[in-house]
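# Remarks on the overall topology
Next come the chains, spelled out residue by residue.
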Amino acid sequence: MNIKTLIDEKKIENRIKEVAKQIENDYSNEEIVIICILKGAAFFATDLAKRINLPVTVDFMKVSSYEGTESTKKIDFKLDISTDISNKNVIIVEDIVDTGRTLTYLKDYLNSKNPKSLKICTMLDKKERREFDLNPEYVCFEIPDKFVIGYGLDYDEKYRNLPYIGYIE
Ligand code: 5GP
């Protein structure tokens, strides 16, 4: 398979530092809870968390979307957080926003737990594919409508460990 590089390792590293600084400035000394959406965001969330010089706690959620009847996609919760997020500053960390379906569901769900604030940080944003009214507060890279792999993103569970973001030609 021919994999082309879309965003190399150095660019990812530099951009994560910038976004981490932006988060630090926005929350000035307040505590934040990072909720990493498994599996794809695992690589990004850990690298980002290490760069944020604030009191940070980390938790994980896992969801999967499946095709329901009448071709409507449904979201299935596979793993829930164990942190009490009421009155906490929460940042959902995701690998990629495509239609926005997954994060729209997650946002509603987490908002029902009464956080003090709830924002979204995504590594990649395929803005032109959006079907839901969802605007992440922090975006590392806007990308064109290509199927990307690497740095957490998989193709059939493989390629998550690529240190760069690539696409299949
Ligand atoms: P959404 O709910 O926003 O339509 O889709 C988000 C999810 O779709 C992501 O968390 C990811 O699992 C998957 N996804 C969307 N685009 C891509 C892509 O280009 N590559 C990979 N590997 N997964 C993608």
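Residues numbered from 1 in each chain as written. Predicted model: local features only at pLDDT ≥ 70, side-chain atom pairs only at ≥ 80, totals over all residues. Heavy atoms only, no water.

## Remarks on unusual backbone geometry
Inclusion rule: The way it works is that DSSP assigns letters per residue, a run of H or I at least four long becomes a helix, a run of E at least two long becomes a strand, and they are numbered from the N terminus. Exposure is judged per residue with a 1.4 Å probe applied to protein chains only, and the accessible area is read against the type maximum: over 50% gives exposed, under 20% gives buried, and values in between give partly exposed.
The amide bond that connects leucine 38 to the next residue, lysine 39, takes the cis arrangement and shows omega of -5°. Mapped onto the elements of the fold, lysine 39 is located in the loop between β2 (32–38) and α2 (42–51). Here the phi dihedral of asparagine 29 falls at roughly 70°; this positive angle occurs in a residue that is not glycine. Relative to the assigned elements, asparagine 29 resides in the loop between α1 (9–27) and β2. Backbone geometry places tyrosine 151, a non-glycine residue, at a positive phi of 50°. Relative to the helices and strands, tyrosine 151 is located in the loop between β8 (148–149) and β9 (165–168). Look at tyrosine 151 and you get buried, because its relative accessible area is 7%.

## Remarks on the sheet that holds β9
What counts, and what does not: Pairing between strands is defined by DSSP: at least two bridges between them are needed.
Spatially, β1-β9-β8 is the arrangement adopted by the three strands of the open sheet, whose pairing is antiparallel. With partners counted over all chains shown, the strands left at the sheet margins are β1 (3–7) and β8, one partner each. As defined by bridge partners, β8 adjoins β9 across two bridges and the pair is classed as antiparallel. Residue pairing in the sheet places valine 148 in a bridge with tyrosine 167 of β9.

## Considering the packing of α1 against α2
Formally: Between N-to-C directions, angles span 0 to 180 degrees; the directions come from axes that are lines fitted to C-alpha atoms, helices contributing only their stretch in contact. Every angle not falling under 35 degrees, over 145, or within 65 to 115 is termed oblique; those three ranges are roughly parallel, roughly antiparallel and roughly perpendicular. Whether a crossing is left-handed or right-handed is set by the direction in which the near helix is turned from the far one by less than a right angle, anticlockwise for left-handed and clockwise for right-handed. In this analysis, two residues are considered to be in contact whenever any of their non-hydrogen atoms come within 4.5 Å of each other.
Where α1 meets α2, the closest approach of the two axes is 9 Å, and the angle between their N-to-C directions is 55°. The orientation of α1 relative to α2 falls into the category oblique. Judged by the sense of rotation from one axis to the other, the crossing of α1 with α2 is right-handed. Contacts between α1 and α2 pair Glu13, Ile16, Lys17, Val19, Ala20, Lys21, Ile23 and Glu24 from the former with Phe44, Asp47, Leu48 and Arg51 from the latter.

## Topic: the nonpolar core
Quick note on the threshold: Take the buried residues of types Ala, Val, Leu, Ile, Met, Phe, Trp, Tyr and Cys, join any two whose side-chain atoms come within 4.5 Å, and each joined set is a nonpolar core.
Grouped together as the largest cluster of nonpolar side chains are 32 residues, with contacts concentrated most on Ile23, Phe44, Leu48, Cys121 and Leu124. Looking at this core, the elements that each hand over two or more residues are α1, β2, α2, β5 (89–97), β6 (117–125), β7 (138–142) and β9. Ranked by residues supplied to this core, first place goes to α1 with six residues. If near-sequence neighbours (up to four positions away) are discounted, leucine 48 is found in contact with Ile16, Val19, Ala20, Ile23, Val93 and Cys121. Grouped together as the second largest cluster of nonpolar side chains are 17 residues, Ile35, Val63, Ile81 and Ile120 included.

## Comments concerning the packing of aromatic side chains
Cut-off, in case you're wondering: In this analysis, rings of Phe, Tyr and Trp, with Trp reduced to its six-membered ring, are considered paired at centre separations within 6.5 Å, and the interplanar angle assigns stacked below 30 degrees, edge-to-face beyond 60, and tilted for intermediate values. Two limits define a charge over a ring: the Lys NZ or Arg CZ must be within 6 Å of the ring centre, and within 35 degrees of the ring normal.
Inspection of the entire model under this criterion finds two aromatic pairs. When the centroid spacing of 4.9 Å and the interplanar angle of 50° are considered together, the rings of phenylalanine 77 and tyrosine 109 count as tilted. Taken together, the residues phenylalanine 77 in strand β4 (residues 73–79) and tyrosine 109 in helix α3 (residues 101–111) connect sequence positions 32 residues apart. With relative accessibility at 23%, the residue tyrosine 109 sits in the partly exposed group. Residues phenylalanine 147 and tyrosine 155 carry aromatic rings whose centres are separated by 6.2 Å and whose planes lie at 75° to one another, so their mutual orientation is edge-to-face. In this structure phenylalanine 147 comes out as partly exposed when scored by relative accessible area, which is 47%. Positioned above the aromatic ring of tyrosine 167 is the side chain of lysine 146, whose terminal nitrogen or guanidinium carbon lies 4.5 Å from the ring centre.

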